[in-house]
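Inside the fold
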Amino acid sequence: MKTIAVIPARYNSTRFPAKLMQDLAGKTVIARTYEAAVATHLFDDVFVVTDSALIQHEILSIGGKAIMSTKEHESGSDRIAEAVFDMEVDLVVNVQGDEPFIKKAPLEQLIAVFKNDFDSKIDLASLMREITATAEIENPNTVKVVVDQFNFALYFSRSVIPYPRDLNSGAKYLQHIGVYAFRKQALLDFYSLPMKELEACEKLEQLRYLEFGKRICMVTTDHVSIGIDTPEDLERAKQFLSTNPIL
């Protein structure tokens, strides 16, 4: 099963413009993310796909592989689908460009889902972790997921799900961590399908897969990363590196 990692790297960001080119202890955020993905040794190849010549040059300058998007895209899945359209691959792992501390173990868990899916019933897999802090549960920037008894996703939302009508019900809250592994065909299907109401409302691309009947297997992880979404996140990441100089 040929498996590649693709890192979608959009230059502009609403909350933190040019965040992927910010300095993070001597290297850019995107360079650290690329090197972290390569260092897992899980992939037959690793690519950055971007709309920015600046990011492309940055990756090429460190000996990496970068692909320029030829179209404007609404989501990372669209950008990746365009990049892999003509590639002979079976499995595509989406590593977010703003996740410079991604580790091998959770990516290995995602890949294992497909190695054990002998009937090809799973279209894509993603990560989740339990959260308990009220501020985190209520934060709309923390995407929550609810799953069935087999850990297939039922819904993703920025809202509090499930809603605790009975405070003693023992509700469990699961944060969605936006790292995905896709069968190539699931990506190509996504690319050809229109955005529907749920995705447009929540601004969550994974809802398009659910709206069109794709099966998303959620994998529990205890990995906690530092995604670079805001200038404050960047400062946290710098502080983390100052006490973990090996990274």
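Our subject is the structure that appears above.
Reading guide: rules and limits
- Residues numbered from 1 in each chain as written.
- Predicted model: local features only at pLDDT ≥ 70, side-chain atom pairs only at ≥ 80, totals over all residues.
- Heavy atoms only, no water.
- Helix = DSSP H or I, 4+ residues; strand = E, 2+ residues; numbered from the N terminus.
- Rg over C-alpha atoms; globule rule 2.2 N^0.38 Å.
- Buried < 20%, exposed > 50% of the residue type's maximum accessible area, 1.4 Å probe, protein only.
- Contact = heavy atoms within 4.5 Å.
- Areas by Shrake-Rupley, 256 points an atom, 1.4 Å probe, with all protein chains shown as cover.
- Axes fitted to C-alpha atoms, helices over the stretch in contact; angles between N-to-C directions.
- Left-handed = near helix turned anticlockwise from the far one by under 90°.
- Nonpolar A, V, L, I, M, F, W, Y, C, P; charged D, E, K, R; others polar.
- Pairing = 2+ DSSP bridges.
- Parallel < 35°, antiparallel > 145°, perpendicular 65-115°, else oblique.
- Core = buried A, V, L, I, M, F, W, Y, C linked by side-chain atoms within 4.5 Å.
- Phe/Tyr/Trp six-rings, centres within 6.5 Å; stacked < 30°, edge-to-face > 60°.
- Lys NZ or Arg CZ within 6 Å of the ring centre and 35° of its normal.

**Focus on the overall build of the protein chain**
Helix and strand counts for the protein chain come out as nine helices and 11 strands. Relative to its length of 247 residues, the protein chain is compact, with a C-alpha radius of gyration of 18 Å against a globular reference of 18 Å. Viewed in the frame of its principal axes, the protein chain has a C-alpha envelope of about 55 × 40 × 30 Å. Across the 247 residues of the protein chain, 51% fall into the buried class. Sequence-distant contacts, at least 24 apart, represent 67% of the contacts inside the protein chain between residues at least 6 apart. Counting only carbon and sulfur atoms, one obtains 50% of the accessible surface of the protein chain, whose full area is about 12500 Å².

**What to know about the packing of helix H3 (residues 76–84) against helix H6 (residues 184–192)**
Interhelical geometry of H3 versus H6 gives an angle of 115 degrees and a closest axis separation of 9 Å. The two elements H3 and H6 meet at a crossing, and its hand is left-handed. Across from Ser77, Asp78, Ile80, Ala81, Glu82 and Val84 in H3, the residues of H6 making contact are Lys184, Leu187, Leu188, Phe190 and Tyr191. In terms of residue class, the contact of H3 with H6 is made up of seven nonpolar, one polar and three charged.

**Digging into the pairing of strand E8 (residues 144–147)**
Inspection of the sheet shows E8 paired to strand E9 (residues 153–157) by four bridges, in the antiparallel sense. Within the sheet, the bridge partner assigned to Val146 lies in E9 and is Tyr155. Between E8 and the antiparallel strand that follows it, E9, lie five residues; Asn151 among them carries a positive phi value of about 65 degrees. Across two bridges, E8 lies against strand E10 (residues 173–183) in antiparallel orientation. Considered in E10, the bridge of Val145 is made with Leu174.

**Some details on H6**
Three or more residues of H6 are buried, namely Lys184, Ala186, Leu187, Leu188 and Phe190. Along its buried surface, H6 packs onto H3, strand E6 (91–94), E10, helix H7 (197–202) and helix H8 (206–211).

**Some details on the packing of helix H1 (residues 29–39) against helix H2 (residues 53–61)**
Put simply, H1 and H2 touch, their axes get as near as 10 Å, and they point 50 degrees apart. Here H2 runs oblique to H1, going by the angle between their axes. The chirality of how H1 crosses H2 is right-handed. Contacts between H1 and H2 involve Ile30, Ala31 and Tyr34 from the first element and Ile55, Glu58 and Ile59 from the second. In the contact of H1 with H2, the residues fall into five nonpolar, no polar and one charged.

**Here we look at the nonpolar core**
By size, the foremost hydrophobic cluster in this structure holds 42 residues, and its most contacted members are Ile7, Ile30, Phe43, Val48 and Leu107. Beyond its immediate stretch of four places on either side in the chain, Ile30 contacts Ile7, Ala9, Leu20, Met21, Val48, Ile55, Glu58, Ile59 and Gly97.

**Quick look at the packing of aromatic side chains**
Scanning the model with the defined rule gives four aromatic pairs in all. Ring geometry for Phe101 against Phe240: centres 5.0 Å apart, planes inclined by 65 degrees, an arrangement best described as edge-to-face. Here Phe101, found in the loop between E6 and helix H4 (104–115), pairs with Phe240, found in helix H9 (residues 231–243); they are 139 residues apart in sequence, far enough to count as distant. Between the aromatic rings of Tyr180 and Phe182, the centroid separation amounts to 5.5 Å while the plane-to-plane angle is 25 degrees, which identifies the pairing as stacked. There is no split in this pair, since Tyr180 and Phe182 are both buried. Put simply, the rings of Tyr180, Phe182, Phe190 and Tyr209 pair up and form one aromatic cluster. A cation over an aromatic ring shows up here: Arg208 above the ring of Phe190, its NZ or CZ 3.9 Å from the ring centre. Sitting above the plane of the Phe152 ring, Arg215 keeps its charged end 3.9 Å from the centroid.

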